[in-house]
Amino acid sequence: MDIRVIRASDIPHVQTANITNLPENYFCKYYLYHAQSWPQLSYVAVDVSRPPKSPYDPPKIVGYVLAKMEEDPADGIQHGHITSLSVMRTHRRLGLAEKLMRQSQRAMAETFGAHYVSLHVRVSNMAALKLYRDTLGFEVEKTESKYYADGEDAFSMRMDLSSLR
Ligand code: ACO
């Protein structure tokens, strides 16, 4: 498995993964905005176990993290934000999400001087909560009522990045 920075040509495949795995979906231009504004922060996991049959074969993207820096932070503190993370069912529990997250977090701290990273997650999303809280060390900052379009609450989580700066 190859973990590398997202390219503009990956975006349709990342969009497919996003639509397959999550109900929160975005227009192509929102992915491009991330990739062009903060090219160091968004990564894809590519299955390279089978070589492409031709140079036109699309990469087999099995996971991604889409991340950005908060442009006008309300608290005045420079920080990153995870917009979206997902891994295809066929490739889960292989450590890919953890690797994608760690790469992005490192770049936030080293390249942009981020003090912390934030994200939102559904209160019912046990797999993601376990990853964020137990594996990576995020903490719940607050609960945001009816954050999602279907009325579910979100945990607003954050993780200090000072050890990476
Ligand atoms: N149940 C319990 N714990 C889990 C689970 C699970 N299903 N999945 C991951 N974890 C925890 C475990 O502690 C795991 O370590 P272990 O395997 O050694 O026990 C650790 O997280 C690391 O797991 P990874 O293998 O890195 O996680 P994976 O690559 O499988 O991806 C993810 C996890 C992204 C949550 C995946 O299940 C997924 O794509 N789910 C659907 C989309 C989603 O919910 N995305 C997050 C939304 S929030 C946001 O985008 C900001």
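Residues numbered from 1 in each chain as written. Predicted model: local features only at pLDDT ≥ 70, side-chain atom pairs only at ≥ 80, totals over all residues. Heavy atoms only, no water.

Trainee: Which residues make up the overall build of the protein, and what values go with them?
Mentor: From N to C terminus, the protein includes four helices and seven strands. Start at the N end of the protein and walk to the C end: the helices and strands fall as β-α-α-β-β-β-α-β-α-β-β. For the protein, the C-alpha radius of gyration of 16 Å lies close to 15 Å, the compact-globule estimate for 165 residues. C-alpha extents for the protein along the principal axes are approximately 50 × 35 × 30 Å. With 165 residues in all, the protein has 43% of them scored as buried. Counted over contacts in the protein with a minimum sequence separation of 6, partners at least 24 positions apart contribute 66%. With the model as given, the accessible surface of the protein reaches about 9,300 Å², and the carbon-plus-sulfur share is 51%. Between the averaged position of the 20 positive side-chain charges in the protein and that of its 19 negative side-chain charges there is a distance of 7 Å. (Helix = DSSP H or I, 4+ residues; strand = E, 2+ residues; numbered from the N terminus. Rg over C-alpha atoms; globule rule 2.2 N^0.38 Å. Buried < 20%, exposed > 50% of the residue type's maximum accessible area, 1.4 Å probe, protein only. Contact = heavy atoms within 4.5 Å. Areas by Shrake-Rupley, 256 points an atom, 1.4 Å probe, with all protein chains shown as cover. Lys, Arg positive; Asp, Glu negative; His and termini not counted. Charge placed at Lys NZ, Arg CZ, Asp CG, Glu CD.)

Trainee: Now, about the layout of surface pockets: what can you tell me, with residues and values included?
Mentor: Using a probe with the size of a water molecule, rolled over the atoms, empty space left in the structure can be pinpointed. In this structure, the largest pocket occupies an estimated 1,100 Å³ of space. Contributing to the lining of the largest pocket are 37 residues, with Leu85, Asn125, Ala128, Leu131 and Tyr132 lying nearest its centre. The set of elements that each furnish at least two residues to the lining of the largest pocket consists of helix H1 (11-21), strand E4 (79-87), helix H3 (96-112), strand E5 (116-122) and helix H4 (126-136). Roughly 450 Å³ of volume is contained in the second largest pocket. Lining the second largest pocket we find 17 residues, and of these Arg50, Pro52, Pro58, Pro59 and Lys60 sit closest to its centre. Taken together, the residues of the lining of the second largest pocket break down into six nonpolar, two polar and nine charged. (1 Å grid on protein atoms, 1.4 Å probe; cavity = no way out; pocket = protein on both sides within 12 Å on 5 of 7 lines; lining within 4 Å. Points joined across faces, edges and corners; volume = space filled by probe spheres on them. Nonpolar A, V, L, I, M, F, W, Y, C, P; charged D, E, K, R; others polar.)

Trainee: Give me the pairing of strand E7 (residues 154-160): which residues, what numbers.
Mentor: Burial within E7 is extensive, with five of its seven residues counted as buried. Summarising the sheet, E5 and E7 pair through seven bridges and their orientation is antiparallel. Opposite serine 118, over in E7, you have arginine 158 as the bridge partner. As paired strands, strand E6 (residues 139-144) and E7 are joined by five bridges and run antiparallel to one another. Residue pairing for E7: threonine 143 is matched across the bridge by phenylalanine 155. (Pairing = 2+ DSSP bridges.)

Trainee: An account of the site of the ligand is needed here, citing residue identities and associated values.
Mentor: Near the ligand, the surroundings consist of 22 residues, among which Leu85, Val87, Arg93, Gly95 and Asn125 are the closest. Between the ligand and glycine 95, the relevant distance is 2.8 Å, taken from an oxygen atom to a main-chain nitrogen or oxygen of the residue. One nitrogen or oxygen atom from the side chain of asparagine 125 is found 2.7 Å from an oxygen atom belonging to the ligand. Alone, the ligand offers 970 Å² of accessible surface; in the complex the protein occludes 79% of this. Of all the secondary structure elements, the ones that give two or more residues to the shell around the ligand are E4, H3 and H4. (Near = heavy atom within 4 Å. Polar contact = N/O pair within 3.5 Å; in protein donor to acceptor, adjacent residues only side chain to side chain.)

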